[in-house]
Amino acid sequence: MRKTFTVPATLLLVFLFSSVYSAPPSFKWIRHNTDEVGLYDKFEATFWLETEFENPFDPEDIDIMATFTAPSGKTWTIPAFYSAIQDRSWLTRYAWLLRFSADELGDWNYIIKVKDRNGEVTSEKKNFKVVESEYHGRIKVAANKRYLEYDDGTPFYGVGMWVNNQEKAEVMDELKAVGVNYISYVMTPLETWASGMGRYDQHVCARVDHLLNILEERDMQLALNFWFHSYMSETVWGGGNVRWFANPYQTITECKDFYRSEEAWKYQEKLYRYMIARWGYSRSLAIWFIVDEVNGTDGWVSGDSTQAGVWVKKVHDYFKANDPWNHPTTGTRSGGIKEWWQEAYEATDLPGREIYEAQGFPINNTGQIDKDETHSLTYSYRNYHGQVNKLWNGFEKPCLIPETGWDHTFYEMQMPGYQAQYHNAIWVSLASGVSMSPFWWAYSGRLNDNVVTNQMLSLRYFTDQIPFNTLTNLKIIEAVSSEGDAYAVGSDQLIFGWAVNAD
């Protein structure tokens, strides 16, 4: 008589029953969080299976896809994912989750298809209703190709900064109070030595879940950086910039070969699928930030910098093909004046130029401001304008300054000139055509008194009045006079800009 075994998805253990277990997968139960969900809000289904697997995160081992059908008949194909969850007794268990957010009102349905080594099964059809909500949807590129907007056509101009390792509601409340509506955030790689390759650390995942929940509650947006340069650096820049030792990808490739390793790419495809499944639904996920400072990695310095451009396009193309919500992408090279990355600006949705001014930009060489030919603050705002202009003229896309400030500047944080530099940077960048304020590095006790101020609130008041996404025939306007400098963005509808008397 054939023996069968039930392998619940609540246990993250490895069982090999190939010789005795051959039944196809089956559903034990499916439950969703609500029968009526708001437009653009999170719909979540949880389910348990009788199935066989070795690695529940590997779609080649067990592949679970759901098809959502809208009232219009449009279909969405969404992967499910395996996750640790806490029940009401605060015990951790494991289950399959399915997350979705709808863009149409009315009656929706979904089915779930499971395929493992023993066969396939399709769930019965499940129904839910989507009703009106206060939400605007996700961020996307506007029709004018220069700015961003929400799904419902509401304009979006980001005002914010980098906020790392701060998944706290009180921090986001402080930032929201001074006008912040987005943050950029470094995510620790999901594959750790604790989880192993192809398995995703659930503590790291839970931190991003928690952060997105906080941001959703506050109508704030996230640029999620999932490849920070240090985790792909074995030798470059040294100190805390070298964290390849913590990256389990070293078990399958040399650091310098990361961008061209076919084996590494196979794991990345599964990783990106998991990220889309877990976080793609979120109306607070604004940008997939592919790589920060690619030239800080061994794959660029001692490997093949051309291949890094090929790689960033592969990542971008994967998200374009598999993210049904089509979140925009970006990626950067570091902030020196010569650090231009044409391939990434062409490949990604949002070309992003970093600016760290003491890394090759014109700078005061006298050590005495009153004796220098041009004031350092004048150099500063002209640098921001000049670099944004290169992006604007070179690419018909919304442009960004995804990292700037903090260090390598004309002024130290404690100097009055630092606040002036920040003030000038956010306003001249707006008047030069960026689609979000410069991503200042980074929220900290040392920085906050200089940057986390009502300066951002003033910028937010101003930008909230401008319908960026509906402006047409956009152009950059520049004027120079004996009284100072002026910069503006012109359109058929209006002109907005910034003028400064440097004296």
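Nothing here was measured: the structure is a model prediction, and the numbers come from that model. (Residues numbered from 1 in each chain as written. Predicted model: local features only at pLDDT ≥ 70, side-chain atom pairs only at ≥ 80, totals over all residues. Heavy atoms only, no water.)

**Q** Before we go on, may I ask you to explain the pattern of salt bridges in this structure?
**A** For side chains bearing opposite charge, pairing can occur when the charged atoms are close. If you walk through the whole model with that rule in mind, you get 23 salt bridges. Arginine 99 serves as the salt-bridge partner of glutamate 44, at 2.7 Å between the closest nitrogen and oxygen. One end of the pair, glutamate 44, is in strand 3 (residues 43–50); the other, arginine 99, is in strand 7 (residues 92–100), and 55 residues separate them in sequence. Grouping residues by exposure puts glutamate 44 and arginine 99 together as buried. Among the charged side chains, a salt-bridge network with shared partners connects Glu44, Arg99, Asp209 and Arg278. (Salt bridge = Lys/Arg side-chain N within 4 Å of Asp/Glu carboxyl O. Helix = DSSP H or I, 4+ residues; strand = E, 2+ residues; numbered from the N terminus. Buried < 20%, exposed > 50% of the residue type's maximum accessible area, 1.4 Å probe, protein only.)

**Q** Can you help me understand the packing of helix 3 (residues 262–279) against helix 5 (residues 305–322) in this one?
**A** What describes two packed helices is the angle between their axes and the distance between those same axes. For the pair helix 3 and helix 5, interaxial distance at closest approach is 11 Å and the crossing angle is 40 degrees. As judged from the angle between their axes, helix 3 and helix 5 are oblique. Two packed elements cross with a definite hand, and for helix 3 against helix 5 that hand is right-handed. Residues Trp265, Gln268, Glu269, Tyr272, Arg273, Met275 and Ile276 of helix 3 touch helix 5, and the partners they reach there are Trp311, Lys314, Val315, Tyr318, Phe319 and Asn322. Residues belonging to the contact of helix 3 with helix 5 are distributed by class as follows: eight nonpolar, two polar and three charged. (Axes fitted to C-alpha atoms, helices over the stretch in contact; angles between N-to-C directions. Parallel < 35°, antiparallel > 145°, perpendicular 65-115°, else oblique. Left-handed = near helix turned anticlockwise from the far one by under 90°. Contact = heavy atoms within 4.5 Å. Nonpolar A, V, L, I, M, F, W, Y, C, P; charged D, E, K, R; others polar.)

**Q** Explanation requested: the nonpolar core in the structure shown.
**A** Most often, soluble globular proteins have nonpolar side chains that are buried together. Counting 137 residues, the largest nonpolar core has Phe68, Leu175, Tyr272 and Trp311 as its most contacted members. The dominant element in this core, judged by the number of residues it contributes, is helix 3, at nine residues. Once residues lying within four places of it in the same chain are set aside, the contact partners of tryptophan 311 are Trp227, Phe258, Tyr259, Trp265, Gln268, Tyr272, Ile290 and Val291. Judged by nonpolar contacts, the second largest core, of 20 residues, contains Leu148, Phe289, Leu400 and Trp441. (Core = buried A, V, L, I, M, F, W, Y, C linked by side-chain atoms within 4.5 Å.)

**Q** Before we go on, may I ask you to explain helix 5 in this structure?
**A** Structurally, the α-helix is built with 3.6 residues per turn, so residues lying three or four positions apart point the same way. End to end, helix 5 covers 26 Å across 18 residues, agreeing with the expected 26 Å (1.5 Å per residue, within 8%). Lining the buried residues of helix 5 we find helix 3, strand 17 (285–289), helix 4 (298–303), strand 18 (329–330) and helix 6 (342–347). The N-cap residue of helix 5 is aspartate 304: its side-chain oxygen and the backbone nitrogen of threonine 306 are 3.0 Å apart. (Expected span 1.5 Å × (residues − 1). Polar contact = N/O pair within 3.5 Å; in protein donor to acceptor, adjacent residues only side chain to side chain.)

**Q** Sorry if this is basic, but what is going on with the pairing of strand 21 (residues 495–500) here?
**A** Successive side chains on a regular strand alternate, one facing one side of the sheet and the next facing the other. Only one face of strand 21 is buried, namely the one carrying Phe496, Trp498 and Val500, since none of Ile495, Gly497 and Ala499 on the opposite face is buried. As judged from the six bridges shared by strand 20 (residues 484–490) and strand 21, these two strands associate in the antiparallel manner. By the bridge assignment for strand 21, alanine 486 is matched with alanine 499. (Pairing = 2+ DSSP bridges.)

**Q** Can you walk me through the sheet that holds strand 1 (residues 26–32) in this structure?
**A** In any sheet, the strands associate via hydrogen bonds between backbone groups, in a parallel or an antiparallel arrangement. Across the sheet, four strands lie side by side as 1-3-7-6; this open sheet has antiparallel pairing. Looking at strand neighbours, the two that pair on one side only are strand 1 and strand 6 (81–86), the edges of this open sheet. Ignoring strand direction, the axes of neighbouring strands in this sheet form an average angle of 40 degrees. In the sheet, strand 3 pairs with strand 7 via five bridges, with the strands oriented antiparallel. The residue of strand 7 that forms the bridge with threonine 46 is leucine 97. Sheet strands touched by helix 3: strand 6 and strand 7. Its angle to strand 6, the strand with the most contacts, is close to 50 degrees.

**Q** What am I meant to see in the environment of proline 351 here?
**A** Mapped onto the elements, proline 351 comes out in the loop between helix 6 and helix 7 (376–394). Overall, proline 351 belongs to the buried group, its relative accessible area being 0%.

**Q** What's the story with helix 10 (residues 454–463) in this structure? I'm lost.
**A** Residues Gln455, Met456, Leu457, Leu459 and Thr463 constitute the buried set of helix 10. The inward-facing, buried residues of helix 10 contact helix 1 (169–177), helix 8 (416–432) and helix 9 (445–451).

**Q** Honestly, the environment of valine 500 in this entry has me stumped. Any pointers?
**A** Position of valine 500 relative to the elements: it lies in strand 21. Judged by its relative accessible area of 16%, valine 500 is buried. When the C-alpha positions of valine 500 and threonine 378 are compared, they lie 9.2 Å apart, and in sequence the two are 122 residues distant. Setting aside residues no more than four positions away along its own chain, valine 500 makes contact with Tyr381, Glu483, Gly484 and Asp485.

**Q** What should I look at first to understand the sheet that holds strand 21 in this one?
**A** Sheet architecture is open: three strands sit in the order 19-20-21, paired in antiparallel fashion. Two strands lie at the open edges of the sheet, namely strand 19 (475–481) and strand 21, each paired on one side alone. When the angles between neighbouring strand axes are averaged without regard to direction, this sheet yields 15 degrees.

**Q** Sorry, what's going on with the packing of aromatic side chains here?
**A** Within a pair of aromatic rings, the relevant descriptors are the distance that separates the centres and the angle that separates the planes. Scanning the model with the defined rule gives 54 aromatic pairs in all. Ring centres of phenylalanine 57 and tyrosine 274 lie 5.7 Å apart, and the angle between their planes is 70 degrees; this geometry places the pair in the edge-to-face category. Of this pair, phenylalanine 57 sits in the loop between strand 3 and strand 4 (63–69) while tyrosine 274 sits in helix 3, and the two are 217 residues apart along the sequence. Classification of tyrosine 274 as buried rests on a relative accessible area of 4%. Summarising the aromatic geometry, the rings of phenylalanine 226 and phenylalanine 319 are spaced 5.7 Å apart at their centres and angled 40 degrees between planes, so their arrangement reads as tilted. Of the two residues, phenylalanine 226 sits in the loop between strand 16 (221–225) and helix 3 while phenylalanine 319 sits in helix 5, which places them 93 residues apart along the sequence. By the ring-pair criterion, three or more aromatic residues cluster together here, those being Phe43, Phe68, Trp76, Phe100, Trp108, Tyr110, Phe128 and Trp325. The aromatic ring of tryptophan 29 is capped on one face by arginine 31, whose charged end is 3.9 Å from the ring centroid. (Phe/Tyr/Trp six-rings, centres within 6.5 Å; stacked < 30°, edge-to-face > 60°. Lys NZ or Arg CZ within 6 Å of the ring centre and 35° of its normal.)

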